[in-house]
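Below, each chain spelled out in residue letters.
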Amino acid sequence: MPTELPYAADAEVSLAYDELEVLRLQYQKELAQSHVTIQTKFNYAWGLVKSPLREHQVEGVRLLQEIYRAEPTRRRECLYYLGLGHYKMGNYEEARRFNSLLLEKEPTNLQAQSLGDLIDERVKREGYIGMALVGGAAAIGTVLLASLIRRATRK
């Protein structure tokens, strides 16, 4: 049994500008005709979620949530990319929630397992950064307090 999970490559690989533009133009064309197919909407949302730009990610997640609510047969497809979108935006609890829903339905989904590991690693790393910031602030506060006490005792 392999121990390495396939990497959730979508977390770091973006579409080229031209590729995203093709998806955007198709979506806008269908929108102008007042009939956007679910597949076109999903493809565009997928491209937006993969973007490094936060505003694209937010729009991609919004579109995926619309599909998730409106199309019960497409929910499973949306879960991974909703988790990925929230992960890329730094909404780790939401990312974990959507990824957990997918893993409940597909416990052997290696891509979702890999995304879960990425989420856990990022939460842990940000926790360490937060602890370091608090520790640094406490150290600075202690130094300032010590110097104030020293000044007060000299007078």
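In what follows, the structure referred to is the one given above.
The shown structure was predicted, so the numbers you read here are calculated from the model rather than taken from an experiment.

K.L.:
Would you mind showing me how to read the packing of helix 2 (residues 38–50) against helix 4 (residues 75–89) here?
P.N.:
How two helices pack is summed up by the angle between their axes together with the distance between the axes. Where helix 2 meets helix 4, the axes come as close as 9 Å, and the angle between the chain directions of the two elements is 25°. Judged by the inter-axis angle, helix 2 sits roughly parallel to helix 4. In this structure, helix 2 crosses over helix 4, and the sense of that crossing is left-handed. Side by side, helix 2 and helix 4 meet where Phe 42, Trp 46, Val 49 and Lys 50 of the first sit next to Glu 77, Cys 78, Tyr 81, Leu 84, Gly 85 and Lys 88 of the second. Considering only residue class, the contact of helix 2 with helix 4 consists of six nonpolar, one polar and three charged.

K.L.:
How should I be thinking about the packing of aromatic side chains in this particular structure?
P.N.:
The geometry of two aromatic rings is summed up by the distance between their centres and the angle between their planes. Enumeration over the complete set of coordinates arrives at five aromatic pairs. Aromatic pair Tyr 27 and Tyr 44: ring centres 4.9 Å apart, planes at 25°, arrangement stacked. Of the two residues, Tyr 27 sits in helix 1 (residues 17–32) while Tyr 44 sits in helix 2, which places them 17 residues apart along the sequence. The exposure classification of Tyr 27 matches that of Tyr 44, with both residues buried. Within the aromatic cluster, the residues linked to one another by ring pairs are Phe 42, Tyr 80 and Tyr 81. It is Arg 75 that lies over the ring of Tyr 68; its NZ or CZ is 5.2 Å from the centre.

Reading the values: the criteria
- Residues numbered from 1 in each chain as written.
- Predicted model: local features only at pLDDT ≥ 70, side-chain atom pairs only at ≥ 80, totals over all residues.
- Heavy atoms only, no water.
- Axes fitted to C-alpha atoms, helices over the stretch in contact; angles between N-to-C directions.
- Helix = DSSP H or I, 4+ residues; strand = E, 2+ residues; numbered from the N terminus.
- Parallel < 35°, antiparallel > 145°, perpendicular 65-115°, else oblique.
- Left-handed = near helix turned anticlockwise from the far one by under 90°.
- Contact = heavy atoms within 4.5 Å.
- Nonpolar A, V, L, I, M, F, W, Y, C, P; charged D, E, K, R; others polar.
- Phe/Tyr/Trp six-rings, centres within 6.5 Å; stacked < 30°, edge-to-face > 60°.
- Buried < 20%, exposed > 50% of the residue type's maximum accessible area, 1.4 Å probe, protein only.
- Lys NZ or Arg CZ within 6 Å of the ring centre and 35° of its normal.

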